[in-house]
Structure formats: structure tokens, C-alpha cells
Amino acid sequence: MNFYSANISEQQNIIDYKGAISYDIINQLLKKLKDEMYRLGEKLVTYKRILILMVETLENTSKYMDSIPGDINLGSQFLPFFTLSRTNCSYNILSGNLVKKEHQAIIQQKIDQMNSLDPTELKKLYRKIISNGQFTKEGGAGLGFIEIAKTSNSRIQYAFEKVNESYVFYTINIELTS
Amino acid sequence: MNALIIQSTEFTPFISLNPESRIIEFEGVSRPEDVSAFYTPVIDWITDYESDLYKINVSGGKKFELNILFKLSYFNSASAKMIFLILESLSRIRKMGYPFNIEWYYEEGDDQMYDDGYELSEAIDIPFNFHATS
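Residues numbered from 1 in each chain as written. Chains lettered and ligands numbered in written order. Predicted model: local features only at pLDDT ≥ 70, side-chain atom pairs only at ≥ 80, totals over all residues.

(A) Region of the structure containing the interface of chain A and chain B. With 24 residues of chain A in contact, the opposing surface of chain B contributes 22 residues. Sorting elements by how many residues they give to the side of chain A that touches chain B places helix H2 (residues 44-65) of chain A first, with 9 residues. (Contact = placed C-beta atoms within 7 Å. Helix = DSSP H or I, 4+ residues; strand = E, 2+ residues; numbered from the N terminus.)

Have a look at this one:
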């Protein structure tokens, strides 16, 4: 996918992390975000929007990593990563992690659905899912991708790279225009 | 019925459910590691409170006003679903005739938190009073 190198010369990395994603790691990354937003003098609403995108992306990664055996070692190129960067007019989240091959179609279907909906339809779907009282078997609310789509208000890009017969490497790219 | 007070941490909110003062309050950040485990006692308390108010209602007891305060600075999507469950319980209490509005506080300039409150208000069909704090 060409988004890996898009506008690379203009980009400034704010957060660049590679390794396991756990609850505590997410907390550390959120503290880093807060510090960086303060340092950059960013508007509160922009910080909050990035916070939402970061949490939902990282919690999603953590959820799918939980179903992967801890002793699996496919090389450092398949470790999870998370990058937050900015250009003059936007922030960009690029995140990647292994997922089981059987999860690819589910993720793809969810993102395609988000990309097909306009803001009004996203709000309608949000209300439907928040009021159905159901939680996913991993304890999620099923609202993560809706939150990402609503908040970024731009098309979510993604890619799946085959690792072996059981796993694919999933990459998601989200843009927030400031 | 006893009050339920949960102290805040960096990533979990302060929660005070007080039947004496009739104040229900949420404040801070909500991103618990296990959202379900964190909110289960809160949902249980509200459900029990709803039952108590129902009993007062059917026995002809006097209705009183409640104060519902949300002073959250951030909540993740899993917490949003729990907050909605709490709002559903509150909505039933309101339909029994106990008057209240929901006071939704957000930091001035935090349009996102305002939007989140507005969205919840529309979804549950209860008016929220919005307060920008500095």
C-alpha cells in the first residue's frame, strides 16, 4: 500500500512505538500523547479527538493480540507498532499488528461498512449499537470502528499482508484533519 | 440503601451514588482495564435504587428530585455503553415521575466532550443541561 510512505518528507513523528500492546503500555502512550499535545500547544478538541482515535485503535490491537499465542515468534517485522505523526494540516495514525487469518474478513467488513456510511448514517449506527445492550465476547462494545470513523471524518485505510497460512499482518491508517 | 463511592485513578472515574443527598455523580477519565467488572457494581446499585424508587412510587410515597452530574473528561467506547445502561435505568426512574435533569460538564473548548454528551442525550431521549467549565 502506498500510504506507508505518503508525504513522508513532511511528516513529523509524535509517537513511535514498536512492541507488545497491553493496558499499561496504552496508558504510557496516552501520557506521552498528553505531554506532546501540551508541548505543541495543540487545541483541546484536537487532543481529545486524537485521544479517541488512539485509544480505540490500540484497544482494538490489544483485543486481537489477546487471541494470539504469546510464544509465537515470527520475527521483529511482525511486532505490533503504533505511530502518530503530523503534517502541516493533519495528524496521522498508522498502526499494525498480527491477526489470525480468520479475523481478516470480519475486520475488513467492519471498516468497509464504516467507509460506506456518511456522518448521519454513522450516528444512526452508533445509536443502534450503543442501545442494543450487547458486548462482544472479548468484552468490547462493538463501537470502536464507529468511533474512529465518526471522529476522523475521513476514509479509514487498511491493508492485510500474508504472513503464513494462519496469520496476516493488519495495518490501519487514520487521518485527522486539523 | 448505602451510598456507593468509588475513588478515581488516573484512568478510572470518581463515582458517587448517594441515596441520602440524591446525587449521582461521575467525574474524570473512564478507561478501565475491565470495563464490565468496573461498572457491574455501579449498574447493580442503580438497578437496586430503581427498585427502591419503584416501591416508594407504588406505595404512594412522595417523589423527590435527583441530581445527576456527569463531569467526565474522557470515556472510551466500552464505557460509553455502560454509561448508556446507567442512563436507561435513569430514564425509567424519570418515567416513574422522579424529576431530574442531567447536568453535563465539559471543559471549555472541548467540543468533543460536548458532542459526546449531546449524542448520549439524543440516544436516550433525555435533555441534558450543558455547562462549559474553565
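That covers the picture; the talk isn't over yet.
(B) Inspection of the sheet that holds strand E4 (residues 67-75) of chain B at higher detail. All names here are of chain B. Ordered in space as E1-E2-E3-E4-E5-E6, the 6 strands form an open sheet in which the pairing is mixed. Either end of the sheet is taken by a strand with one partner, and the two such strands are strand E1 (4-6) and strand E6 (128-133). The mean angle between the axes of side-by-side strands here comes to 15 degrees, regardless of whether they run parallel or antiparallel. Sheet topology note: the strand E3 (residues 23-30)/E4 ladder contains 8 bridges and is parallel. (Pairing = 2+ DSSP bridges. Axes fitted to C-alpha atoms, helices over the stretch in contact; angles between N-to-C directions.)

(C) Highlighting the pairing of strand E3 (residues 90-100) of chain A. Residue and element names in this part refer to chain A. Among the 11 residues that make up E3, 9 are buried, leaving the element largely enclosed by the rest of the structure. Where strand E2 (residues 81-86) lies against E3, 6 bridges are found, and the strand directions are antiparallel. Its bridge partner lying in E3, Arg86 is registered against Tyr91. Counted along the chain from E2 to the antiparallel partner E3, the turn is 3 residues long. Bridge count between E3 and strand E5 (residues 167-177): 11 bridges; the pairing is antiparallel. Bridge pairing in E5 places Leu98 opposite Phe169. (Buried ≥ 20, exposed ≤ 12 C-beta atoms within 10 Å, placed from the backbone.)

Everything listed here is a matter of coordinates, which is why it stays silent on function.
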